[in-house]
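# Fold and contact review
One letter stands for each residue in the lines below.
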Amino acid sequence: MRNKLALLLVAVLVAMSLVACSNGEKKEEVINKEGENSEKLQVVTSFSIIEDMAKEIGGDLVDVYNLVPTGTDPHEYSPLPNDIKAATDADVLFYNGLNLEGGEHGWFAKMIDATSQDWAVTYELAEDIEPMFITSEDGKEEEINPHAFLDPVVGIEMTKKVRDAFIEVDPDNEATYEENAEIYLEKLIEIHEQYQTFIEKIPEENRTLVTSERAYQYLAARYGLREGYIWAIDTEENGSPEQIKSLLTFLEETSPPVLFIETNVDKRPMETISRESGIEIFGEIFSDEIGNPGEEGDTYLKYLQYNIDVIYQGLKGK
């Protein structure tokens, strides 16, 4: 913890010097849909899913700088000097909330406080989402589950927050943000309806989603899936003998047709589960992040679509 705070302090000092050097820079001007000159909004997002939302809704009116790159844990992140400079210069900042970025004392909050950025232009997209909680196997540790965005209905609410934030900060371009958001929301609603339809087609006895981490709690509750997982809280001890034994007992009781594994976790614990149980790993699904550009699931819409396609194919049976 001390090392992280020290790194953050160094980053702040470097960023302050960068900001001092950049005073007087003019933001890039663009032409909006009404043919009028306007400045691009400088937008900072905490991780890849929100980055994609902001780009889709903001379109040509925004420049988006994302903090946590794909392949990096969004729960614990040390902002770089360029990150802090971007946050300092931003017109609007978006973060997930629900403890994804460490909560009110986490890395994102410390970064904003360090920049003296106005919290009035910082928007928590999951602010109105009812939190669900996860508990460690010994029952001594309880945390908010931050993975609400795996539920398309939550994605719909987050999209509305992005739209409303852009309109609040840049009311002159309200029509553009409304139009972009409407197109995006229609696609999200269609995906939500697919989730409902596909899961209803899965035989009742097969509706058990088994993954490495309990990241799919909101999705499972929304669409009526039972949850199986190796670890609930993403700690250093993932795939312990106790966790393996507990899931094997669950599998004996529920007999799911297949297992799934997230794209961003250590595959070895689930491979052990597969060998011990005799149940195959059907495929990979997304959890904390979208795919790299040009790869599978490289937008939030594709991420959601990919997940339901794989889950349905795996659980529908022969």
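Given the structure is predicted, the values throughout are model-derived calculations rather than measurements.

Scanning the model with the defined rule gives 14 salt bridges in all. For R222, the salt bridge goes to D151, with nearest N and O atoms at 2.8 Å. You can see R222 sitting in helix 7 (residues 217-223) and its partner D151 sitting in the loop between strand 8 (142-145) and helix 5 (152-169), a full 71 residues away along the chain. Taking the relative accessible area as the measure of exposure, R222 reaches 42% and is therefore partly exposed. A salt bridge links D298 to K302; its shortest N-O distance comes to 3.3 Å. The exposure class of D298 is buried, given its relative accessible area of 18%. Linked through salt bridges whose partners overlap, the residues forming this network are E127, D128 and K161.

Under the definition given, this model contains 14 aromatic pairs. Ring geometry for F94 against Y123: centres 6.0 Å apart, planes inclined by 45°, an arrangement best described as tilted. Of this pair, F94 sits in strand 5 (residues 92-95) while Y123 is found in strand 6 (residues 122-124), placing the two residues 29 residues apart along the sequence. Just as F94 is buried, Y123 falls in that class too. Taken together, Y77, Y95, W107, F108 and W119 form an aromatic cluster joined through their ring pairs.

A separate point is the sheet that holds strand 5. In sheet architecture, strand pairing relies on hydrogen bonds along the backbone and comes in two forms, parallel and antiparallel. Taking strand neighbours across the sheet as the criterion, the four strands line up as 4-3-5-6 in an open arrangement whose pairing is parallel. Here the strands that pair on one side only, and so sit at the sheet edges, are strand 4 (62-66) and strand 6. Neighbouring strand axes in the sheet, compared pairwise and without regard to direction, differ in orientation by 25° on average. Bridge count between strand 3 (residues 41-45) and strand 5: three bridges; the pairing is parallel. Residue pairing in the sheet places T45 in a bridge with F94 of strand 5. Along the sheet, helix 2 (residues 48-58) contacts strand 3, strand 4 and strand 5; its crossing angle with strand 4, the most-contacted strand, is approximately 175°. Contacts from helix 4 (residues 107-115) reach strand 5 and strand 6 within the one sheet, and its direction differs from that of strand 5 by about 165°.

The next thing to look at is unusual backbone geometry. You will see that N99, though not glycine, has its phi angle at about 70°, which is positive. Along the chain, the position of N99 falls in the loop between strand 5 and helix 4. Judged by its relative accessible area of 32%, N99 falls in the partly exposed class. For S255, which is not glycine, the phi dihedral falls at a positive 50°. Within the secondary structure, S255 is located in the loop between helix 8 (241-254) and strand 11 (259-262).

Turning next to helix 8. Taking 1.5 Å as the rise per residue, helix 8 with 14 residues should run 20 Å; its terminal C-alpha atoms sit 20 Å apart, in good agreement. Looking at helix 8, one finds that the buried residues are Q243, I244, L247, L248, L251 and T254. One side of helix 8 holds all its buried residues, which, seen down the axis, span an arc of 135°. Across from the buried face of helix 8, at angles greater than 90 degrees, the exposed residues are P241, E242, K245, E252 and E253. Against strand 9 (208-213), strand 10 (226-231), strand 11 and helix 9 (268-277) lie the buried residues of helix 8.

Right, let's get into the nonpolar core. One finds V43, F94, F149, F166, Y300 and Y303 to be the most contacted residues of the largest nonpolar core, which totals 77 residues. By size, the runner-up hydrophobic cluster in this structure holds 13 residues, among which are V210, W231, L259 and I279.

On to the packing of helix 6 (residues 174-201) against helix 10 (residues 300-315). In a packed pair of helices, the relevant descriptors are the angle between the two axes and the axis-to-axis distance. Close contact between helix 6 and helix 10 brings their axes to 10 Å; oriented N to C, the two are set at 10°. Between helix 6 and helix 10, the crossing angle belongs to the class labelled roughly parallel. Here helix 6 contributes Y184, K187, L188, I191, Q194, Y195, F198, I199 and K201 to the contact with helix 10, which in turn contributes Y300, L301, L304, Q305, N307, I308, D309 and Y312. Here the contact of helix 6 with helix 10 is composed, by residue class, of 11 nonpolar, three polar and three charged.

What counts as what
Residues numbered from 1 in each chain as written. Predicted model: local features only at pLDDT ≥ 70, side-chain atom pairs only at ≥ 80, totals over all residues. Heavy atoms only, no water. Salt bridge = Lys/Arg side-chain N within 4 Å of Asp/Glu carboxyl O. Helix = DSSP H or I, 4+ residues; strand = E, 2+ residues; numbered from the N terminus. Buried < 20%, exposed > 50% of the residue type's maximum accessible area, 1.4 Å probe, protein only. Phe/Tyr/Trp six-rings, centres within 6.5 Å; stacked < 30°, edge-to-face > 60°. Pairing = 2+ DSSP bridges. Axes fitted to C-alpha atoms, helices over the stretch in contact; angles between N-to-C directions. Contact = heavy atoms within 4.5 Å. Expected span 1.5 Å × (residues − 1). Arc of directions from axis to C-beta. Core = buried A, V, L, I, M, F, W, Y, C linked by side-chain atoms within 4.5 Å. Parallel < 35°, antiparallel > 145°, perpendicular 65-115°, else oblique. Nonpolar A, V, L, I, M, F, W, Y, C, P; charged D, E, K, R; others polar.

Such coordinate-based values are descriptive only and should not be taken to indicate function.
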